[in-house]
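# Secondary and tertiary structure notes
What follows is the residue order along each chain.
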Amino acid sequence: MAAASGQLGPLGVIARAAVDSYLRHVAIERGLSANTVAAYRRDLVIYAGWLAGHELTDLRAITSLHVSEFVRFLSLREESPLTAASIARILSTVRGFHRFLLEEGTVETDVAHESKPPRLGTRLPKAISIEQVTALLDATDGDDVQALRDKALLELLYATGARVSEAVNLNVDDVLETDVVRLTGKGDKQRIVPVGSFARKAIDAYLVRARPMLSGRGKATPALFLGLRGQRVSRQNAWLIIRAAAERAGLDGHVSPHTLRHSFATHLLAGGADVRVVQELLGHSSVATTQIYTLVTVDTLRDMYTTAHPRAR
């Protein structure tokens, strides 16, 4: 956590130590991922800068009014403006930090407990149609090692609804013989997800005809998806692979790894799948998170009804 200390210079020595302790707490005791801990660190850098600008170097001097003013500052800042979701996330980090300070006895009250984030509007997931998904997957057709790998990656993302981090972190042993794959999600929670015939065929072709060649270009690794130098494919590389396929398919707009996850859920629900089954497949801890996809299918039904029914308009 030394890097965190260096970035949090504006805080006093006591406050820097508290931040370091909090980051260790969420990393070790709560078992949060390295990406999540890094996000917490960035949020606290912003908070630390604001506190320093108001000469608040003693954690015990911070009041609930200060936290409210910080949220207002986030909402009004003109340079690199933040969305409501980003502000809510930063406030969540700040609240967690102050709650930790109270639990550790560093302060006597939790001054951030009653702070409220800005109201979030309902944000529908962006999905593409089945025809567009087909065009995207067809854009990876080819017999060279890169095309075989790209086809397997994209087919797996759409077949399982995996997060891109879950896909690139797969090892060969996670592809099970019974047409299922073992995904490791947030909090290292594992789930078993079926793999359809198209994805299984693409993965098998990649494992037999492409991965051995890619593996020979680098050090031995259990990773399923390998880069052209034999290393594990990164999240950024996966994003670039999908963007390139989208361009070849002539798809307008932003197509990302998460687009395939959204499309997976939307198409399953539109096809009659139970929302709790989709929740399990996506690895959502709460069905409420999954239910936002039902709004997409309702909108689709409404559009179809309006177009087809003679007395709907």
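Here, every reference points to the structure presented above.
Below, the structure is looked at part by part. (Residues numbered from 1 in each chain as written. Predicted model: local features only at pLDDT ≥ 70, side-chain atom pairs only at ≥ 80, totals over all residues. Heavy atoms only, no water.)

## Considerations on the overall build of the protein
When its secondary structure is counted, the protein shows 14 helices and three strands. Looking at the protein alone, contacts between residues at least 24 apart form 55% of all its contacts between residues at least 6 apart. Carbon and sulfur atoms make up 52% of the accessible area of the protein, which amounts to about 17400 Å² in all. (Helix = DSSP H or I, 4+ residues; strand = E, 2+ residues; numbered from the N terminus. Contact = heavy atoms within 4.5 Å. Areas by Shrake-Rupley, 256 points an atom, 1.4 Å probe, with all protein chains shown as cover.)

## Description of the packing of helix H7 (residues 145–160) against helix H12 (residues 257–270)
Put simply, H7 and H12 touch, their axes get as near as 7 Å, and they point 40° apart. Compared by their axis directions, H7 and H12 come out oblique. The two elements H7 and H12 meet at a crossing, and its hand is right-handed. Contacts from Leu 154, Leu 157, Tyr 158, Ala 159 and Thr 160 of H7 reach H12 at Leu 260, Ser 263, Phe 264 and His 267. For the contact of H7 with H12, a count of residues per class yields six nonpolar, three polar and no charged. (Axes fitted to C-alpha atoms, helices over the stretch in contact; angles between N-to-C directions. Parallel < 35°, antiparallel > 145°, perpendicular 65-115°, else oblique. Left-handed = near helix turned anticlockwise from the far one by under 90°. Nonpolar A, V, L, I, M, F, W, Y, C, P; charged D, E, K, R; others polar.)

## Remarks on the pattern of salt bridges
Under the defined criterion, the tally for this structure stands at nine salt bridges. Put simply, Asp 58 and Arg 60 hold a salt bridge, and the shortest N to O gap is 3.3 Å. Judged by relative accessible area, which is 62%, Arg 60 ranks as exposed. Measuring nitrogen to oxygen at the nearest pair gives 2.8 Å for the salt bridge that ties Arg 191 to Glu 166. Residue Arg 191 is found in strand E3 (residues 190–194), and its partner Glu 166 is found in helix H8 (residues 164–168); the two are separated by 25 residues along the sequence. Connected via shared salt-bridge partners are Arg 163, Glu 166 and Arg 191. (Salt bridge = Lys/Arg side-chain N within 4 Å of Asp/Glu carboxyl O. Buried < 20%, exposed > 50% of the residue type's maximum accessible area, 1.4 Å probe, protein only.)

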